[in-house]
Amino acid sequence: MGKRNMDALSEEEKRLFPLKTVTSVVSLFESILKRTTEPDLALLSIIVGCIENTLTCNQQILSGAKSTVLTTTVDETSEKPLAIPPVRKEDDFPEIEWPIVEALYVKFRAVIKSSVDVTQYGCPEFATRELVKRVSDVIWNTLTRSYYKDRAHLQSLYSYLTGNKLDCFGVALAVVAGCQVLGFNDVRLALSEDHAWVIFGLEGKETAEVTWHGKGNEDKRGQPVDAGIQARSWLYVSGNPVICSRFTEVASLVSSINPSITATTDSLEVASMQQSLLWVLYDTGHLTRYPMALGNLADLEELSPTPGRCHCGQLFSQAIEVARRCYGNSHVYPYTYQGGYFYRNRMYKEALESWANAADAIRSYNYSREDEEIYKEFLEIANELIPFVMKVEGSGHSARSILKDSECFAHLLRFYDGICQWEEGSCTPVLHIGWAKPLVNTISKFDSQVRRHVVISCSEVAEEDTPVTKPPAKEQEKEERLVDSHVGDKTADQKAWLGSTVLAALTDLCGRTVLSPAFFLGPDTKTGSYTQAIHSLNISGTAASTDSPVKIVNKPKLYLRSHKMAGLKDLLLSEKLNTHAISLQLTAQSQVQLGGRKLRGEEAKDAKQEGRDANLSRPKRTRKE
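Here the structure is a predicted model, which means the values were calculated and not measured.

**Let's talk about the packing of aromatic side chains**
Inference 1: Taken as a whole and assessed by the stated rule, the structure comprises 18 aromatic pairs.
Inference 2: With a centroid separation of 6.4 Å and an interplanar angle of 85 degrees, the aromatic rings of Phe-108 and Tyr-160 are classed as edge-to-face. One end of the pair, Phe-108, is in helix 4 (residues 98-115); the other, Tyr-160, is in helix 6 (residues 157-163), and 52 residues separate them in sequence. Like Tyr-160, Phe-108 is buried.
Inference 3: With a centroid separation of 6.1 Å and an interplanar angle of 65 degrees, the aromatic rings of Tyr-343 and Phe-388 are classed as edge-to-face. Highlighted residues: Tyr-343 in helix 13 (residues 333-344) and Phe-388 in helix 15 (residues 372-394), separated in sequence by 45 residues.
Inference 4: Classification of Phe-388 as partly exposed rests on a relative accessible area of 38%.
Inference 5: Members of the aromatic cluster, connected to one another through ring pairs, are Tyr-367, Tyr-375, Phe-378, Phe-415, Tyr-416, Trp-422 and Trp-435.

Written out as structure tokens, the structure is:
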């Protein structure tokens, strides 16, 4: 069992108290992060939680001055309100005294040490599953009996020690902090985009559930997370979570700070503190493998840019690069963060591309009920954001409107293709009529010429309508990109050929069967044979294309992988949209696993001859006329 420094703070660090400005908090964190020893998670979580709750909860305006009521728990049944003096003009928030922080810190250590007897587990050098489960039980059994999934400000140990309330992330953080109190520094946090668990053991190969998700699945605590990974659930990001060092865990508790006071109001002081601390962690290199924290920092920079720092757009791009390089493109939120930024700044074409990239990331998963957060994210994009974009762009007649851009149409189809493939192989359907109507309305706003300009191809699997095996995310990256809008430069031979076909192209566009070559060659053209005139036109066309190359409009290429979107290929490119057929195809559940057994051997051959699906155990019911 590892040793730890019993001194929570040095004397120099204690002199920074009382904390009353963002600068003093930043100085404290900088000092702690520069230590050679690991930072104390419990202490830092209490400090930032105390400041956050002080500025966002139980605020009252008394005689024109802000006075905050700070509630500290004396025991499990009584609470004692502590009045904080009004904030002075030169301060950012009410004073946070060291004795208050120290009392809560000592209380947490006492709860853990009095409840977990390490000698019962043989005093192991590394944590065991039973010991991790025991620490989880201690935290779990001291919480109130309610689940707080969408409540703010419940992610810190301050919330746990003053109100016995924690959210999903807070429980996981408390377990890791408890194991650190016991000296087991091999227990580390593993973070997906909507869940958290721990890794432990000699080489960090063991995993264990320690918290709840959704409506509270406490029976999973102590179990490994292998089942969720094998089920290809987004909740477990294909086994590619952010594996935290102790410093990344500090970044996670800073990133989890919530500055909201109400649904529409944020605390500027808390947001400023979070932004400053994230920059401290960024400069010390502790965000280099943490896409979510980079996205949060980018959001804060968009609202309040820091002088001398990189633009928020670069941070959004950096988060995407980290997700691709370190986690096999398994993370979705970096793309939705960037898409939201483009949307807010009316960069609609870029937003559509980011949302399509998000759908590319989700396509490798199977949808389940536990993925409701990312489902709601995509539902909002499809049913609210994209329709609003179409409404704005369709209200004018600008030549630069995205409704006249075939690449934007390709991005839109790629977005829905990813969602359709997310649904394939899942036990729960994703698309319903609520998805179909906005899609049909959006597609109908694109002119048929714009739609037909997209070169659509489909995977052989989708065209043959056979079962789909979703490729791993890393392999999928190597496949052909869905939209290839940058075609290489044309060779001289291709340009010459283009010049020689000018007459045929113009004839086709004008809708005439015969056009006079003299019309194109000008009045000075001498009367000659038809063949000579054509030859002269070809030569002039070739020369023109060589001297001043014709601007070639590249057609975006789209590669559809899902059954549903492949089935819509012809409908999408037709001059007149059959909206009813598109809706039926999108909401069909034929590609969702319904539990029927697959037919094999002779049964499959017979089914194929009879026109039945070999993947279903029953023939389809004949529709009555």
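**What about the packing of helix 4 against helix 7 (residues 168-181)?**
Two quantities define a packed helix pair, namely the angle between the helix axes and the distance between the axes.
Inference 1: The geometry of helix 4 relative to helix 7 is characterised by a closest axis approach of 10 Å and an angle of 75 degrees between their N-to-C directions. When the axis of helix 4 is compared with that of helix 7, the two are roughly perpendicular. Residues Phe-108, Arg-109, Ile-112 and Lys-113 of helix 4 pack against Ala-174, Ala-177, Gly-178 and Val-181 of helix 7.
Inference 2: Its residues placed into classes, the contact of helix 4 with helix 7 shows five nonpolar, one polar and two charged.

**Observations concerning the environment of Arg-35**
Inference 1: By secondary structure assignment, the location of Arg-35 is in the loop between helix 2 (22-33) and helix 3 (41-56).
Inference 2: Not counting residues within four places of it along the chain, the set of residues in contact with Arg-35 comprises Ala-8, Leu-9, Ser-10 and Glu-13.
Inference 3: At a separation of 2.4 Å, a polar atom in the side chain of Arg-35 contacts the side chain of Glu-13.

**Digging into the sheet that holds strand 5 (residues 196-200)**
Inference 1: Across the sheet, four strands lie side by side as 6-5-4-7; this open sheet has antiparallel pairing. The sheet is open, and its two borders are formed by strand 6 (206-208) and strand 7 (242-243), each paired with just one other strand.
Inference 2: The pairing of strand 4 (residues 188-191) with strand 5 spans four bridges and is classified as antiparallel. Paired with Arg-188 across the two strands is Ile-199, which belongs to strand 5.
Inference 3: Packing of helix 5 (residues 129-141) onto the sheet brings it into contact with strand 5 and strand 6, and relative to strand 6 it is tilted by some 25 degrees.

Parameters and conventions
- Residues numbered from 1 in each chain as written.
- Predicted model: local features only at pLDDT ≥ 70, side-chain atom pairs only at ≥ 80, totals over all residues.
- Heavy atoms only, no water.
- Phe/Tyr/Trp six-rings, centres within 6.5 Å; stacked < 30°, edge-to-face > 60°.
- Helix = DSSP H or I, 4+ residues; strand = E, 2+ residues; numbered from the N terminus.
- Buried < 20%, exposed > 50% of the residue type's maximum accessible area, 1.4 Å probe, protein only.
- Axes fitted to C-alpha atoms, helices over the stretch in contact; angles between N-to-C directions.
- Parallel < 35°, antiparallel > 145°, perpendicular 65-115°, else oblique.
- Contact = heavy atoms within 4.5 Å.
- Nonpolar A, V, L, I, M, F, W, Y, C, P; charged D, E, K, R; others polar.
- Polar contact = N/O pair within 3.5 Å; in protein donor to acceptor, adjacent residues only side chain to side chain.
- Pairing = 2+ DSSP bridges.

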